[in-house]
Amino acid sequence: MTTIPFSAATPATTLHTAFEGHRLLARGPLADIALTVRQTSAAGSDAAILVFDDQTGKQVDLDLRGDDAQIRQRYQPQPVASAAPEEDAAEAADAAPRGRGRPKLGVVPREVTLLPRHWDWLGAQPGGASVALRKLVEQARRDNEARDQQRQRQEAAYHFMSSMAGNLAGFEEATRALYAGDRERFARQLADWPQDVRDYAMHLAWAE
């Protein structure tokens, strides 16, 4: 299979990366990775082969039973459902007549504990409490998006590093630099690591 470079624009959620020892074996959709791992193992590879999710940095265990067609079918990406039906259902729920008591929050029955003055304020907003809450949540998501993405990248890099580089020199200092957001110090600690391990850790931590 063709290895996709780390700089490719393909969404990370669709990509996985396989290592044969400290060497990059392949990067691509999980179905392709699974077939590559099977072929490499069948060829008698002496090094351990580990597969990582590019989004989370976590190791993925593969089920390689069956023939190539069965493996490919097993790891074909699942279609992503559109959010539109959910939003339409929420709007319909908001438009439906409400009984007395605390307002329902969208179409998913979950408890939200607020003070009476909070419910009063929400109820006075255009569209009612559910619409106001959704707008507040969406605004909070936008405001914290950069910080949340940084935290997710840090966790992904740490998961990978723990699996592949826990015994390498500089691991502890690299971890401190990672969570401090110190890119230059992080890169210095990785300087003597195997190149493919170093490049992938940098990719996960800073989306390089």
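Residues numbered from 1 in each chain as written. Predicted model: local features only at pLDDT ≥ 70, side-chain atom pairs only at ≥ 80, totals over all residues. Heavy atoms only, no water.

Caption draft 1: View of the sheet that holds strand β1 (residues 16-20). Taken in spatial order, the 3 strands make up an open sheet running β2-β1-β3, and their pairing is antiparallel. The open sheet is flanked by β2 (23-28) and β3 (49-53), the only strands paired with a single partner. Going across the sheet, the axis of each strand differs from the next one's by a mean of 20 degrees, ignoring polarity. With 5 bridges joining them, β1 and β3 adopt antiparallel strand pairing. From the neighbouring strand, T17 faces β3, where its bridge partner is F52. Across the sheet, helix α1 (residues 30-42) is in contact with β1, β2 and β3; its angle to β2 comes to roughly 145 degrees. Together, β1, β2 and β3 form the strand contacts of helix α9 (residues 195-206), whose direction differs from that of β1 by roughly 160 degrees. (Pairing = 2+ DSSP bridges. Helix = DSSP H or I, 4+ residues; strand = E, 2+ residues; numbered from the N terminus. Axes fitted to C-alpha atoms, helices over the stretch in contact; angles between N-to-C directions. Contact = heavy atoms within 4.5 Å.)

Caption draft 2: Geometry of the pairing of β2. The pairing of β1 with β2 spans 5 bridges and is antiparallel. Across the sheet, residue E20 finds its bridge partner in β2, namely R23. Counting the residues in the hairpin turn of β1 and β2 gives 2 residues, including G21, whose phi is positive at 65 degrees.

Caption draft 3: Looking closely at the pairing of β3. In terms of residue burial, β3 counts as a mostly covered element, since 5 of its 5 residues are buried. Going residue by residue along β3, you find I49, V51 and D53 tucked away on one face and L50 and F52 tucked away on the opposite face as well. (Buried < 20%, exposed > 50% of the residue type's maximum accessible area, 1.4 Å probe, protein only.)

Caption draft 4: Region of the structure containing the environment of D61. Inspection of the secondary structure assignment puts D61 in the loop between β3 and α2 (68-74). Taking the C-alpha atoms as reference points, D61 and A34, 27 residues apart in sequence, are found 9.8 Å from one another.

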